[in-house]
Amino acid sequence: MSYQRPKGTNDILPGESEKWQFVEETARLVFRDYQFNEIRTPIFEHFEVIARSVGDTTDIVSKEMYDFYDKGERHVTLRPEGTAPIARSYVENKLFGPEHTKPYKVFYTGPMFRYERPQKGRLRQFHQIGVEVFGSANPATDVETMAMAMDFYRQLGLSQLRLVINSLGDKETRQNYRQALIDYLAPHEAELSEDSKRRLHENPLRVLDSKDKRDQKFVADAPSILDYLTPDAKAHFETVTSMLDALEIPYEIDSNMVRGLDYYTHTIFEIMSEAPKMGAQATICAGGRYNHLVEELGGPETPGFGFALGIERLLITMEAEEVVIPALNELDAYVVGLGQETNLEALKVVQAIRNFGFSADRDFMDRKAKAQFKSADKQGARLVLTLGETELAEQVINIKSMASREEKQFPLADLYARFDEIYDEMTTKMFE
């Protein structure tokens, strides 16, 4: 029997994992500049936490959850997204208390799980980086958070991006618009797709999100939610657009854009990749404001704003824009040991170098000198240290700088006492 990974999952192998580290490290650096701190929540949650937050009628809850009953008959689910678990944690740990900074700003990274048809950039175990801000109703929070997402992409070297925004208004806006949408779509109900027929009465805004050709012709002429905004919602959205203008951040408004989760209110946004090779999967980041989620989960009334982006899709985008990821795997020293007798001393040398805070490697396969030098070259070692039986007998070691090609012999005792000075001596010459 051949064992294979589960459908819709990936093994991230060395060579690939460095790209993930680069993306995650960049996120940490950028988000720290904006005073976001990392939060880590469990990979599984009580089913109710997700159903209550995301909405019973959404595709995620109705079709895509990896939910099951555990041995204690508790209904749990692998988390399908990051916001609901963090809102649950915010309430449970009383992060709204007076001792915590307002607004409360966190970021997260980790795997999410959805049972859907795997395709390029869409997996059953996928990974997200996301942020959440709790406690600020100020439109400046919307703008700062969107600006941070754009900043993150720029830091990674992406430039072909488009920011698209819309407003879903407040509860009153939603009620009025929901009715207008039902009135508009009901006469065409027979011609809608099966999914949209179901959504029409459960959650009509989701019809606007349909990718089905049968629905799209009706969606094109649907009334705009922006015409139904209450004065408060209109003022909030106008402040957001004027602030984006003031920061000279280009954006477009798409009044048909909705989000797949029920908790959104007011500003929502997506960042699209314009890279020609991206095709249909062009949305690379999405988020918005959710002012009622915390109270849904039993906390005090707390406005929130956040976004999430998929790491897999981000890496596809970086490839499409041909972004070069800097090589992180630098090797300071490679120890070549010749003959069985040098095995122990080579181990001591490589460990001593590491103890001085440098990266080092050696041959473990008892290969000939030529093969070992080839390895050192392939791994981009700055220094190559050679230890043969003669050197061992004389308690010396040969050190060669790969850049200047200069070679010098040092007593082993010197290497153990002051490798940092030897390293400087052997590597600075190449800059002179």
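Structural data are supplied above this passage.
Residues numbered from 1 in each chain as written. Predicted model: local features only at pLDDT ≥ 70, side-chain atom pairs only at ≥ 80, totals over all residues. Heavy atoms only, no water.

Asker: Explanation requested: the overall build of the protein chain in the structure shown.
Answerer: When its secondary structure is counted, the protein chain shows 15 helices and 16 strands. Relative to the 2.2 N^0.38 estimate, which gives 22 Å for 432 residues, the radius of gyration of the protein chain is 28 Å and therefore markedly larger than a compact globule would have. Each principal axis of the C-alpha distribution contributes one length, and for the protein chain these read about 95 × 60 × 45 Å. Accessible surface for the protein chain amounts to roughly 21800 Å². Of this, 50% is attributable to carbon and sulfur atoms. Each charge class in the protein chain was averaged separately, 52 positive and 71 negative side chains, and the resulting centres sit 4 Å apart. (Helix = DSSP H or I, 4+ residues; strand = E, 2+ residues; numbered from the N terminus. Rg over C-alpha atoms; globule rule 2.2 N^0.38 Å. Areas by Shrake-Rupley, 256 points an atom, 1.4 Å probe, with all protein chains shown as cover. Lys, Arg positive; Asp, Glu negative; His and termini not counted. Charge placed at Lys NZ, Arg CZ, Asp CG, Glu CD.)

Asker: Is there a simple way to think about the layout of surface pockets in this case?
Answerer: The method is simple in principle: a probe with the dimensions of a water molecule rolls over the atoms, and the space it marks as empty is what remains. Approximately 610 Å³ is the volume attributed to the second largest pocket. Along the wall of the second largest pocket there are 22 residues; nearest its centre are Lys171, Arg174, Asp262, Tyr263 and Glu296. For the lining of the second largest pocket, the elements supplying multiple residues, two or more each, are helix 2 (47-54), helix 6 (171-185) and helix 10 (293-296). Ranked by residues supplied to the lining of the second largest pocket, first place goes to helix 2 with five residues. Residue composition of the lining of the second largest pocket, by class: six nonpolar, seven polar and nine charged. (1 Å grid on protein atoms, 1.4 Å probe; cavity = no way out; pocket = protein on both sides within 12 Å on 5 of 7 lines; lining within 4 Å. Points joined across faces, edges and corners; volume = space filled by probe spheres on them. Nonpolar A, V, L, I, M, F, W, Y, C, P; charged D, E, K, R; others polar.)

Asker: I would appreciate a short explanation of the side chain of Asp215 in the present structure.
Answerer: Along the chain, Asp215 falls in helix 8 (residues 213-220). One buried charged residue, Asp215, forms no salt bridge at all, with the nearest opposite charge on Arg214 at 5.8 Å. Among the polar contacts listed, one links the side chain of Asp215 to the side chain of Ser210, at a separation of 2.7 Å. The residues touching Asp215, leaving out its near neighbours within four places in the chain, are Leu192, Ser193, Ser196 and Ser210. (Buried < 20%, exposed > 50% of the residue type's maximum accessible area, 1.4 Å probe, protein only. Salt bridge = Lys/Arg side-chain N within 4 Å of Asp/Glu carboxyl O. Polar contact = N/O pair within 3.5 Å; in protein donor to acceptor, adjacent residues only side chain to side chain. Contact = heavy atoms within 4.5 Å.)

Asker: Can you help me understand the sheet that holds strand 14 (residues 381-387) in this one?
Answerer: Across a sheet, paired strands are connected by hydrogen bonds in the backbone, their directions being either parallel or antiparallel. Strand order in the open sheet formed by five strands is 13-12-14-15-16, and the pairing between neighbours is mixed. In this open sheet, the two strands that pair with only one neighbour each are strand 13 (360-362) and strand 16 (407-411). In this sheet, neighbouring strand axes are inclined to one another by 25° on average, regardless of whether the strands run parallel or antiparallel. Two strands pair when backbone bridges link them, and strand 15 (residues 396-401) and strand 16 are joined in this way by five bridges, in the antiparallel orientation. Considered in strand 16, the bridge of Asn398 is made with Gln409. Lying over the sheet, helix 13 (residues 369-378) contacts strand 12 (331-337) and strand 14, oriented at roughly 175° with respect to strand 12. (Pairing = 2+ DSSP bridges. Axes fitted to C-alpha atoms, helices over the stretch in contact; angles between N-to-C directions.)

Asker: Help me understand the nonpolar core, please; the structure alone is not making it clear to me.
Answerer: Generally speaking, nonpolar side chains in soluble globular proteins are found buried as a group. If you look at the biggest cluster of nonpolar residues, it comprises 47 residues, and the most contacted ones within it are Val61, Phe134, Leu168, Leu181, Leu205 and Leu208. In contact with Phe134, not counting residues within four places along its chain, are Ile86, Ala87, Tyr90, Pro103, Tyr104, Tyr290, Val294, Thr302, Pro303 and Gly304. Grouped together as the second largest cluster of nonpolar side chains are 46 residues, Phe22, Ala27, Ala233 and Phe269 included. (Core = buried A, V, L, I, M, F, W, Y, C linked by side-chain atoms within 4.5 Å.)

Asker: So what exactly am I meant to see when it comes to unusual backbone geometry here?
Answerer: The phi torsion of most residues other than glycine is negative, and most of the peptide bonds are trans. The residue after Lys102, namely Pro103, is reached through a cis peptide bond having omega -15°. Within the element layout of this structure, Pro103 appears in the loop between helix 4 (83-92) and strand 5 (104-113). The phi angle at Glu248 is positive, at roughly 55°, despite the residue not being glycine. Here Glu248 is to be found in the loop between helix 9 (231-246) and strand 8 (252-253).

Asker: Mind showing me how you'd approach the pattern of salt bridges here?
Answerer: Between side chains of opposite charge, pairing is possible as soon as their charged atoms come close. The tally for this structure, following the rule as stated, stands at 29 salt bridges. Ionic pairing is found between Arg28 and Glu38, a salt bridge with its closest N-O pair at 3.2 Å. Here Glu38 lies in strand 1 (residues 37-38) and Arg28 lies in helix 1 (residues 17-33), a separation of 10 residues in the sequence. What makes Arg28 partly exposed here is its relative accessible area of 23%. Overall, the relative accessible area of 31% leaves Glu38 in the partly exposed class. Here the residues in one salt-bridge network are Glu25, Arg28, Glu38 and Arg40, joined through shared partners.

Asker: Even after reading the chapter, I still don't get helix 12 (residues 343-355), so can you show me in this structure?
Answerer: Structurally, the α-helix is built with 3.6 residues per turn, so residues lying three or four positions apart point the same way. Across its 13 residues, helix 12 extends 19 Å between first and last C-alpha, which sits within 8% of the 18 Å expected from 1.5 Å per residue. Turning to helix 12, its buried residues number three or more, namely Glu345, Ala346, Val349, Val350, Ala352 and Ile353. Take helix 12 and look down its axis: the buried residues cluster within an arc of 160°, on one side only. Opposite the packed face of helix 12, turned more than 90 degrees from it, sit the exposed residues Leu344 and Asn355. (Expected span 1.5 Å × (residues − 1). Arc of directions from axis to C-beta.)

Asker: How should the environment of Pro187 be read in this particular structure?
Answerer: Mapping Pro187 onto the fold places it in the loop between helix 6 and helix 7 (194-202). Along the sequence, Pro187 and Gly339 sit 152 residues apart, while their C-alpha atoms lie 86 Å from each other.

Asker: I keep staring at the side chain of Thr26 and nothing clicks. Help me out?
Answerer: Looking at the element boundaries, Thr26 is found in helix 1. Only 2.7 Å separates the side chain of Thr26 from the backbone oxygen of Phe22, close enough to count as a polar contact.

Asker: Which parts of the structure should I look at to understand empty space enclosed by the protein?
Answerer: One pass over the structure, following the stated rule, counts two cavities of 30 Å³ or more. A volume near 30 Å³ is recorded for the second largest cavity. Every residue lining the second largest cavity is listed: Glu24, Ala27, Arg28, Phe107, Thr109 and Ile129. Elements represented by at least two residues in the lining of the second largest cavity include exactly helix 1 and strand 5. When its residues are assigned to classes, the lining of the second largest cavity shows three nonpolar, one polar and two charged.

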